[in-house]
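# Descriptive analysis of the structure
Letter by letter, the chains look like this.
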Amino acid sequence: MEFSRQLPEYYLTASIEELSEKIKNAKQVLGDKLMILSHHYQRDEVVQFADATGDSLQLAQIAAKNKKAEWIVFCGVHFMAETADMLTEDYQKVILPDLDAGCTMADMVNDEDLEIAWSKLTEIYGDMLPITYINSTASVKAFVGNHGGATVTSSNARQIITWALNQGKKVFFMPDQHLGRNVSFDLGIPLDEMALWDFINQKLTSDGNIEDCKIILWDGFCSVHQQFNVEHIQEMRKSYPHINIIVHSECCHEVVELSDAHGSTNKIITEVEKSEPNSYFAIGTDINLVNRIAEKNIDKHIFSLNPDSCPCSTMNRISLQHLAWSIDNILNEKIENQITVDENTTKSALKALDKMLELS
Ligand code: 13P
Ligand code: SF4
């Protein structure tokens with residue numbers, strides 16, 4: 001991954017109004033040739049200019065469907081921009097406004113660690129079916145595609161893991177242990193039939209018999225969703241006995257089990273929107289999204305499950321200034337921060353992505 005460069009002085013000193021006006025005008029000039037996609041965790045200053053805002057699955061589907069945009073400015077993180085590049089045509093260029101917007105969870109699996117894990121685990125289990133969360137590099141997706149597996153997002157993990165478990169092999173799920181554990185548990189797999197691969201110490205553990213495990217989880221996690229714990233839930237329930245607690249599936253199993261629902265960012269938004277006026281919700285996910293949900297649902301009482309939590313620092317790197325700079329570059333036909341995945345990797349990774357889109 002390349003490193004971002006400092007924004008030119010102009011963008012650091014121009015007023016918000018000036019930059020906003022620039023983006024608005026550029027959108028008019030470029031029309032359908034430009035598509036701005038934004039993940040739900042982006043700052044409001046960015047989301048306001050998005051042609052579409054969504055969860056990982058929705059954004060991947062929108063990118064795959066769009067054939068008009070020559071320029072796709074992806075306001076999200078690196079793996080999302082890579083996925084968009086692989087799902088779009090060669091004439092479509094995907095731009096990530098700040099190259100430092102990575103995902104710490106996706107960075108928890110690299111090719112070397114994956115090869116080591118695969119070789120050790122296949123010695124124990126024989127051939128396995130690898131499944132990767134979309135929060136992973138294109139190269140990990142390519143490995144999964146080449147071994148007959150699929151990608152998943154938090155909104156389709158149930159369907160894809162069900163499919164995987166029915167293929168008659170042990171399932172190897174990366175990199176988010178929590179999403180893998182939470183969804184497998186919902187599907188009826190007891191915790192002692194899950195194993196955990198510690199990729200740092202190269203050790204496999206389970207509360208049950210290792211050989212009998214049906215799913216092997218990579219021990220990756222999201223530091224944002226680790227900020228929600230059982231005490232937060234107990235305190236909320238004590239203060240508001242009728243509160244609905246809904247958390248992202250990246251939260252740990254204990255938190256998910258004590259919550260009323262878990263799922264993707266889109267599921268969280270939808271659950272709140274369809275609830276009765278005056279409903280109470282405590283939400284366990286990125287604070288930017290919780291604040292936006294609260295602003296859009298003023299007839300309901302919305303709290304963050306942990307009001308002291310920090311937002312996803314990498315998602316937050318993309319600012320109005322970065323967006324304005326990226327769009328000016330496009331107007332000037334200057335290619336900066338384009339995200340490209342090589343042909344071979346794309347071909348293999350698409351096997352895993354297409355399988356997911358087919359099953360979603
Ligand atoms: P969603 O697909 O639910 O939007 O999640 C993406 C993500 O990175 C959450 O941390
Ligand atoms: Fe990655 Fe967590 Fe940020 Fe989502 S919230 S992009 S999983 S670091």
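First, a word on what this report is: a plain description of the structure on this page. Just so we're clear, the structure is a prediction, and the values are computed from it rather than from any experiment.

Reading the values: the criteria
Residues numbered from 1 in each chain as written. Chains lettered and ligands numbered in written order. Predicted model: local features only at pLDDT ≥ 70, side-chain atom pairs only at ≥ 80, totals over all residues. Heavy atoms only, no water. Near = heavy atom within 4 Å. Polar contact = N/O pair within 3.5 Å; in protein donor to acceptor, adjacent residues only side chain to side chain. Areas by Shrake-Rupley, 256 points an atom, 1.4 Å probe, with all protein chains shown as cover. Nonpolar A, V, L, I, M, F, W, Y, C, P; charged D, E, K, R; others polar. Axes fitted to C-alpha atoms, helices over the stretch in contact; angles between N-to-C directions. Helix = DSSP H or I, 4+ residues; strand = E, 2+ residues; numbered from the N terminus. Parallel < 35°, antiparallel > 145°, perpendicular 65-115°, else oblique. Contact = heavy atoms within 4.5 Å. Phe/Tyr/Trp six-rings, centres within 6.5 Å; stacked < 30°, edge-to-face > 60°. Buried < 20%, exposed > 50% of the residue type's maximum accessible area, 1.4 Å probe, protein only. Lys NZ or Arg CZ within 6 Å of the ring centre and 35° of its normal. Salt bridge = Lys/Arg side-chain N within 4 Å of Asp/Glu carboxyl O. Left-handed = near helix turned anticlockwise from the far one by under 90°.

Attention now moves to the site of ligand 1. Close contacts around ligand 1 come from His39, Tyr41, Asp55, Ser56, Asn135, Ser154, His225, His248, Glu250, Ser264 and Thr265, and that covers them all. One nitrogen or oxygen atom from the side chain of Ser154 is found 2.8 Å from an oxygen atom belonging to ligand 1. Taking Glu250, its side chain carries an N or O atom lying 2.9 Å from an oxygen atom of ligand 1. Summarising the interface, the protein chains cover 96% of the accessible area of ligand 1, which totals 300 Å² for the free molecule. When its residues are assigned to classes, the shell around ligand 1 shows 1 nonpolar, 8 polar and 2 charged.

In contact at an axis separation of 10 Å, helix α6 (residues 111-125) and helix α7 (residues 138-146) are set at 30° when each is read in the N-to-C sense. When the axes of α6 and α7 are compared, the pair comes out roughly parallel. In contact with Asp111, Leu114, Glu115 and Trp118 of α6, α7 contributes Ser139, Val140 and Phe143. Its residues assigned to classes, the contact of α6 with α7 comprises 4 nonpolar, 1 polar and 2 charged.

Working definition: an aromatic ring pair is given by the centre-to-centre distance plus the angle between the planes. Applying the stated criterion across every chain, the model contains 8 aromatic pairs. Ring geometry for Trp118 versus Phe143: centroids 5.2 Å apart, planes at 85°, classification edge-to-face. Placement of Trp118 in helix α6 and of Phe143 in helix α7 is noted, with a sequence separation of 25 residues between them. The buried category is assigned to Phe143, whose relative accessible area is 9%. Judged by centre distance (6.2 Å) and plane angle (40°), the ring pair of Trp118 and Phe172 falls under tilted. With Trp118 in helix α6 and Phe172 in strand β7 (residues 170-174), this pair connects stretches of sequence that are 54 residues apart. Each member of the pair, Trp118 as well as Phe172, carries the same accessibility label: buried. Grouped by ring-pair contacts, the aromatic residues Trp118, Phe143, Phe172, Phe199 and Trp218 constitute a single cluster. When the ring centre of Trp71 is taken as origin, the NZ or CZ atom of Lys93, which lies over that ring, is 5.1 Å away.

What follows is about the pattern of salt bridges. When their charged atoms lie close together, side chains carrying opposite charge are able to pair. Applying the stated criterion to the full structure yields 14 salt bridges. Measuring nitrogen to oxygen at the nearest pair gives 3.5 Å for the salt bridge that ties Asp100 to Arg317. With Asp100 in the loop between β4 (93-95) and α6 and Arg317 in the loop between β14 (301-304) and α14 (320-331), this pair connects stretches of sequence that are 217 residues apart. For Asp100, a relative accessible area of 25% puts it in the partly exposed group. Close ionic contact of Lys169 with Asp127 constitutes a salt bridge, the shortest N to O distance being 3.0 Å. Here the residue Lys169 occupies a position in the loop between α8 (157-165) and β7, and Asp127 occupies one in the loop between α6 and β5 (128-133), the gap between them amounting to 42 residues. Through salt bridges with shared partners, a single network forms among Asp98, Asp100 and Arg317.

Time to look at the site of ligand 2. Tyr41, Cys103, Thr104, Met105, Asn135, Cys222, Val224, Glu250, Cys312 and Met315 make up every residue found near ligand 2. Among the residues forming the shell around ligand 2, the class breakdown is 7 nonpolar, 2 polar and 1 charged.

With omega at -25°, the peptide bond leading from Met174 into Pro175 counts as cis. Assignment of secondary structure puts Pro175 in the loop between β7 and α9 (177-186). Its identity is not glycine, yet Asn278 carries a phi of approximately 75°, on the positive side. Inspection of the secondary structure puts Asn278 in the loop between α12 (265-273) and β13 (280-284).

Moving on to the packing of helix α4 (residues 56-65) against helix α5 (residues 78-87). Running from N to C, α4 and α5 cross one another at 30°; their axes reach a closest spacing of 8 Å. By the angle class used here, α4 and α5 are roughly parallel. With respect to the hand of their crossing, α4 and α5 are arranged in right-handed fashion. Residues Ser56, Ala60, Ala63 and Ala64 of α4 touch α5, and the partners they reach there are Met80, Thr83, Ala84 and Leu87. Tallied by class, the residues present in the contact of α4 with α5 amount to 6 nonpolar, 2 polar and no charged.

Quick look at the environment of Asp354 now. With respect to the helices and strands, Asp354 occurs in helix α15 (residues 343-359). With a relative accessible area of 40%, Asp354 lands in the partly exposed category. Remark: the alpha-carbon pair of Asp354 and Ala150, spanning 204 residues in sequence, is separated by 7.9 Å.

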